[in-house]
Amino acid sequence: MANTFAMMVVMIGLSLFGKPELAADFGLVHGASVALFYSFSGNARSLILAQSGAVSAATILRMRLMLVVPLAVIATLLCVGVVVGGWLFACLLVMRRAAEWLAEIFLSELELQHQSTGALHVVLIQACLSLVLLWALLNDSVLALPILLVWALSPLLGCLRLELFRRSLGNAVPLLATVRLLLPHFGSTAVIGLSVYVFRLFVLLVAGKQVAGDLFAAYALGGILGAVFSQALGPTMVRREQSESASERLVKAFNLLLIVTLLFGVALVSSVWLMPELFDWTQKDRLFWVAVGCSLVGGVVMVLAQRVRLRILQDESGGDVFGSDMLANILLVACVPFVFYGLGVDALALLYLLGALMSWVFYASERQGFLQRRTVGKRAQGAVLLLIAVAIFLPLFFQLQGGLFDDPSTRFDSGGVVALLPIPLSVLACSLGIVLLGGYSRARLALLSLFFVFVGMLLTSVLLGLDAGDEGRQKLTLLLQYILPMFALVLGQQFGGHEDALSLVAKAALITLTLVLPLQILATLLTGAPVLAPSVFAFSIYQHLQYASLLLMTGFVLALFSLWGRFGFRCWLHFLAPLVGAYIVLSWSLLAMVLVLVGITCFVGYKLHQGWARSTVLPLPALILGGALLAGAYIGMVDQASMEEVLPSQQLQLLEGRADYWQRWTFYFEGITFNWSSTLFGHVRPPERSLHPSALNYYLDFAYNFGMLALLPLIMLVLYTFAALYRRRMELRADSALCGLALVVGFALILDSFFKVGLRQPYSGIIMFFLWGLLLARVERVRKRSLLVFD
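Residues numbered from 1 in each chain as written. Predicted model: local features only at pLDDT ≥ 70, side-chain atom pairs only at ≥ 80, totals over all residues. Heavy atoms only, no water.

**Re the overall build of the protein chain**
Okay, step 1: The secondary structure content of the protein chain amounts to 34 helices and three strands.
Okay, step 2: Relative to its full complement of 791 residues, the protein chain shows a buried share of 56%. (Helix = DSSP H or I, 4+ residues; strand = E, 2+ residues; numbered from the N terminus. Buried < 20%, exposed > 50% of the residue type's maximum accessible area, 1.4 Å probe, protein only.)

**A word on the packing of aromatic side chains**
Okay, step 1: A full pass over the atoms with the stated rule returns 30 aromatic pairs.
Okay, step 2: Aromatic side chains Phe-322 and Phe-451 sit 5.6 Å apart centroid to centroid with 80 degrees between the ring planes, which places their arrangement in the edge-to-face category. Pair noted here: Phe-322 is in helix 14 (residues 322-343) and Phe-451 is in helix 18 (residues 444-463), with a separation of 129 residues, a long-range link.
Okay, step 3: A ring pair is formed by Phe-451 and Phe-452, whose centres lie 5.3 Å apart and whose planes are at 70 degrees; its orientation type is edge-to-face.
Okay, step 4: Phe-451 sits in the buried class, given a relative accessible area of 10%. (Phe/Tyr/Trp six-rings, centres within 6.5 Å; stacked < 30°, edge-to-face > 60°.)

**Comments concerning a nonpolar patch on the surface**
Okay, step 1: A cluster of nonpolar side chains, namely Leu-459, Leu-463, Trp-676, Leu-680 and Leu-709, defines an oily patch on the protein surface of about 500 Å² accessible area.
Okay, step 2: Of all the elements in the fold, those that place two or more residues in the nonpolar patch are helix 18 and helix 30 (676-681).
Okay, step 3: Following the sequence through the fold, Leu-463 ends up in helix 18. (Patch = residues over 30% accessible without salt bridge, like charges linked within 9 Å, V, L, I, M, F, W, Y side chains within 5 Å. Areas by Shrake-Rupley, 256 points an atom, 1.4 Å probe, with all protein chains shown as cover. Salt bridge = Lys/Arg side-chain N within 4 Å of Asp/Glu carboxyl O.)

**Comments concerning the nonpolar core**
Okay, step 1: Counting residues in each nonpolar core, the largest one holds 269 residues, and the members touching the most others are Met-553 and Leu-771.
Okay, step 2: Counting residues per element, this core draws most heavily on helix 13 (residues 286-313), which supplies 17 residues.
Okay, step 3: Each residue touching Leu-771, except ones within four places of it in the same chain, is listed here: Phe-393, Val-505, Thr-554, Leu-558, Leu-741, Val-744 and Val-745. (Core = buried A, V, L, I, M, F, W, Y, C linked by side-chain atoms within 4.5 Å. Contact = heavy atoms within 4.5 Å.)

**A look at the pattern of salt bridges**
Okay, step 1: Counted under the stated rule, the structure contains ten salt bridges.
Okay, step 2: Measuring nitrogen to oxygen at the nearest pair gives 3.3 Å for the salt bridge that ties Glu-100 to Arg-97. Taken together, the residues Glu-100 and Arg-97, both in helix 5 (residues 87-112) and three residues apart, mark about one turn of the helix.
Okay, step 3: Judged by relative accessible area, Glu-100 falls into the buried class, the value being 6%.
Okay, step 4: A salt bridge links Arg-781 to Glu-499, with the shortest nitrogen-to-oxygen separation between them at 2.4 Å. In this pair, Arg-781 sits in helix 34 (residues 762-790) while Glu-499 sits in the loop between helix 20 (487-495) and helix 21 (501-527), placing the two residues 282 residues apart along the sequence.
Okay, step 5: Judged by relative accessible area, which is 57%, Glu-499 ranks as exposed.
Okay, step 6: Salt bridges linked by common partners bring Arg-96, Arg-97 and Glu-100 together as one network.

**A short note on unusual backbone geometry**
Okay, step 1: Even without being glycine, Phe-537 reaches a positive phi, approximately 70 degrees.
Okay, step 2: Mapped onto the elements of the fold, Phe-537 is located in the loop between helix 21 and helix 22 (544-563).
Okay, step 3: Of note, Trp-588 is a non-glycine position whose phi angle comes to about 55 degrees, a positive value.
Okay, step 4: For Trp-588, the location among the structural elements is in the loop between helix 23 (569-587) and helix 24 (590-610).

**Things to note about the sheet that holds strand 1 (residues 397-399)**
One key point about sheets: their strands pair by backbone hydrogen bonds, in either a parallel or an antiparallel sense.
Okay, step 1: Here we have three strands laid out as an open sheet, ordered 2-1-3, and antiparallel in their pairing. Each having just a single partner strand, strand 2 (403-404) and strand 3 (423-424) make up the two edges of the open sheet.
Okay, step 2: Relative to strand 3, strand 1 is paired through two bridges, and the arrangement is antiparallel. Paired with Phe-397 across the bridge in strand 3 is Pro-424. (Pairing = 2+ DSSP bridges.)

**Observations concerning helix 21**
Residue pairs spaced three or four apart in an α-helix point in one direction, given the helix's 3.6 residues per turn.
Okay, step 1: Over its 27 residues, helix 21 extends 39 Å from the first C-alpha to the last, a length consistent with the 39 Å expected when each residue adds 1.5 Å.
Okay, step 2: Maximum bend of helix 21: about 25 degrees, positioned at Leu-513.
Okay, step 3: In the stretch just after helix 21, Gly-528 is the one whose phi turns positive, near 75 degrees. (Expected span 1.5 Å × (residues − 1). Bend = angle between axes of the 7 residues up to and from the residue.)

**Describing the packing of helix 14 against helix 18**
Okay, step 1: As a packed pair, helix 14 and helix 18 sit with axes 10 Å apart at the nearest point and diverge in direction by 45 degrees. Our classification of the angle between helix 14 and helix 18 gives oblique. Helix-helix and strand crossings are classified by hand; for helix 14 and helix 18 the assignment is left-handed. Every residue of helix 18 that contacts helix 14 at Phe-322, Gly-323, Met-326, Leu-327 and Ile-330 is listed here: Arg-444, Leu-447, Leu-448, Leu-450, Phe-451 and Phe-454. (Axes fitted to C-alpha atoms, helices over the stretch in contact; angles between N-to-C directions. Parallel < 35°, antiparallel > 145°, perpendicular 65-115°, else oblique. Left-handed = near helix turned anticlockwise from the far one by under 90°.)

**Comments concerning the confidence of the model for the protein chain**
Okay, step 1: Across the protein chain, the average pLDDT comes to 82, with 89% of residues at or above 70.
Okay, step 2: Confidence over residues 652-658 falls short of pLDDT 50; this stretch has ten contacts with residues more than four positions distant or in other chains. (pLDDT = per-residue confidence, 0-100.)

**Observations regarding the environment of Pro-395**
Okay, step 1: Tracing the chain through its elements places Pro-395 in the loop between helix 16 (378-393) and strand 1.
Okay, step 2: Taking the relative accessible area as the measure of exposure, Pro-395 reaches 0% and is therefore buried.
Okay, step 3: As a C-alpha pair, Pro-395 and Ala-548 span 153 residues in sequence and 7.2 Å in three-dimensional space.
Okay, step 4: In contact with Pro-395, other than residues within four places in its own chain, are Thr-512, Val-516, Phe-539, Ser-540, Ile-541 and Tyr-763.

**Let's talk about the side chain of Ser-562**
Okay, step 1: Inspection of the secondary structure puts Ser-562 in helix 22.
Okay, step 2: What makes Ser-562 buried here is its relative accessible area of 13%.
Okay, step 3: Once residues lying within four places of it in the same chain are set aside, the contact partners of Ser-562 are Leu-502, Ala-506 and Ala-737.

**Comments concerning the environment of Val-290**
Okay, step 1: Positionally, Val-290 belongs in helix 13.
Okay, step 2: You can call Val-290 buried: its relative accessible area is 9%.
Okay, step 3: Note: C-alpha distance between Val-290 and Ser-271 (19 residues apart in sequence) is 9.2 Å.
Okay, step 4: Here Val-290 is in contact with Val-269, Val-272, Trp-273 and Ala-349, once residues within four sequence places are set aside.

**Some details on the environment of Ala-144**
Okay, step 1: Within the secondary structure, Ala-144 is located in helix 7 (residues 144-153).
Okay, step 2: Measuring from C-alpha to C-alpha, the distance between Ala-144 and Leu-133 comes to 6.7 Å, with eleven residues separating the pair along the chain.
Okay, step 3: Each residue touching Ala-144, except ones within four places of it in the same chain, is listed here: Leu-133, Ala-136 and Leu-137.

**Thoughts on the packing of helix 10 (residues 209-222) against helix 13**
Any two packed helices are characterised by how steeply their axes cross, that is the angle between the axes, and by the distance between the axes.
Okay, step 1: In the contact formed by helix 10 and helix 13, the axes pass within 7 Å of each other and the chain directions differ by 30 degrees. Put simply, helix 10 runs roughly parallel to helix 13. Viewed along their axes, helix 10 and helix 13 form a crossing whose handedness is right-handed. Only Leu-287, Phe-288, Ala-291, Val-292, Ser-295, Leu-296 and Gly-299 of helix 13 make contact with helix 10, whose side of the interface consists of Val-211, Asp-214, Leu-215, Ala-217, Ala-218, Tyr-219, Leu-221 and Gly-222.
Okay, step 2: Of the residues contributing to the contact of helix 10 with helix 13, the split by class is eleven nonpolar, three polar and one charged. (Nonpolar A, V, L, I, M, F, W, Y, C, P; charged D, E, K, R; others polar.)

And the structure:
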């Protein structure tokens with residue numbers, strides 16, 4: 001506790017006594033160093049205290065001695081240019097974190113040996129030196145740097161043991177074997193460390209340095225209890241609870257402390273809101289004290305969350321929390337811009353509490369999720385899964401300012417204002433669905449892919465010089481725009497673990513088509529426009545021509561392959577067929593037309609090959625063609641002069657043969673291959689929106705902004721998907737629903753992603769990644785079934 005929180009205590013003191021800018025520097029260096037050292041901690045404290053015998057303290061110490069210098073150098077480079085104090089100041093603070101990292105092993109060994117004298121020495125040293133350092137910094141003393149140097153090395157004083165050094169250097173266990181044992185835990189701690197850094201940097205970018213410094217101090221002050229439990233008390237208490245050697249008096253005292261902290265936090269927030277002048281004497285504004293109060297409440301929630309986490313880590317079955325750690329922390333980072341731009345700067349006070357709540361929810365659902373509980377019946381589970389799938393497909397959008405999105409124009413532009421950006425319902429459905437389904441081990445492939453893409457994007461951004469200005473904020477916002485739809489990949493793999501997953505998704509798509517297509521076509525006819533209207537009467541569909549039209553046709557193809565042979569659904573599909581034909585013509589979407597054409601052709605050929613009668617199969621394409629001809633006749637009767645007023649320029653250029661695809665692709669390709677840095681790491685800023693708003697190619701767009709290094713994990717997942725489909729081609733032919741799913745996913749990954757950037761859009765990206773994850777899960781089920789039959 002003394003070693004770990006000394007830097008936080010100094011940071012809080014600097015903020016409280018009038019040095020918020022210096023406190024922000026401490027917070028940023030602490031976040032950057034945690035991003036690296038904590039990333040490679042691998043839950044070592046819990047593993048050492050568990051005394052499993054698989055990994056010893058000497059083995060972990062040897063690994064850390066080999067890593068400490070390169071990690072310290074990288075952490076220093078992350079801070080230089082962001083910290084005002086200069087490179088020497090940043091270097092000394094990183095040295096402090098490196099010493100804490102090594103001291104953790106020695107202190108854990110002391111605890112196992114019950115050597116309380118060494119622990120007492122550490123506490124006294126840290127208390128005295130931290131107070132002296134705080135005094136020197138507050139008074140701008142010339143001795144500040146020498147004192148900072150001594151303070152940086154002090155974590156090792158009082159706990160250093162040469163005997164453990166000798167054991168670590170003479171350890172016979174290969175280093176690679178140690179890394180292999182700790183690999184799942186590395187991923188868990190790495191995502192926490194990286195997210196701490198990005199979270200603090202994002203708060204700094206949106207709120208400014210002075211406000212950020214106060215917020216960092218408030219989060220630290222209010223969250224001390226949660227941090228103390230997770231990093232110091234928790235592993236020991238949980239270990240004793242599980243071995244039934246815990247002191248009942250100690251547990252009761254700690255629970256009482258939680259209750260007191262909770263009540264004090266609520267009372268503090270209430271006092272600040274009801275009597276804001278009560279804290280004027282502190283010379284800290286209301287935001288600071290509200291953040292402290294909310295963080296106190298969040299600290300209590302974090303303790304409850306960490307109890308669940310540590311129980312999983314110390315479980316005899318050897319559990320890990322990689323999935324829940326990654327999902328909770330990346331989502332917290334994603335909440336920063338939405339909270340700031342949607343609710344205002346005061347709402348940033350809620351971030352620590354919000355993060356604690358998300359952590360508890362994800363840890364609680366780590367094993368099996370909330371939907372798999374015994375109290376939830378099979379029928380209820382099916383209904384919830386169907387509801388999630390409908391919410392994923394339904395093109396319903398809302399705005400942080402304005403409620404339900406309802407704009408009759410075909411060219412709505414939010415102007416870059418996050419509060420006006422239409423957010424699809426699928427964002428909420430995806431987040432809620434991940435928590436309800438839980439069991440993140442089923443989505444290991446998706447989680448690993450998401451993790452490496454996130455790390456690659458962050459690494460390339462930092463190496464390019466992520467600054468603390470407007471460019472840095474735009475870069476992180478763009479990062480979130482790419483990464484958030486990828487969460488649906490996890491949901492898809494979770495969803496695909498259920499036996500009737502494909503049937504439920506097809507039914508959800510059919511329900512969505514029945515709700516949307518008739519109303520949208522009717523709205524178009526009532527307006528007399530030659531192009532599909534965005535209105536569905538009750539709401540409007542955002543980007544209805546660019547992306548929504550293709551996604552709805554994707555749902556139709558899925559339903560066709562999955563539900564055609566089921567009783568009652570054929571009439572439903574016949575009813576929708578002419579509406580589909582009219583819809584693709586009115587939408588003027590060439591990709592939607594191609595998808596329906598390819599889907600119908602493959603479907604008819606597949607069914608005829610299976611022996612279905614032509615009289616049964618051929619009426620469906622005839623109905624689609626009839627609807628398309630009627631829509632074409634309707635367009636021919638409409639005044640053609642009005643077409644340019646309502647049809648977006650991209651569709652108009654494409655129809656006239658003047659699309660600038662080649663020009664954009666050339667521009668982005670030349671930008672990617674300009675030099676080795678742009679190839680590996682991308683560019684600091686995207687092109688001007690007035691010049692080239694996007695590459696009209698997802699892969700070029702991704703590589704231009706974040707480089708091939710960040711794109712590589714996604715490319716590898718694409719290749720893995722097609723390789724898995726090829727290996728299971730025989731089983732694929734026998735499963736109509738799986739054939740349809742493979743068709744639409746392949747179309748999205750190849751044709752659609754080569755001509756649009758749908759994978760980075762919230763609505764289209766979530767659906768595409770969801771279907772991709774679903775395909776990976778179903779192919780894996782086919783593989784396991786084949787192995788079972790072979791055995």
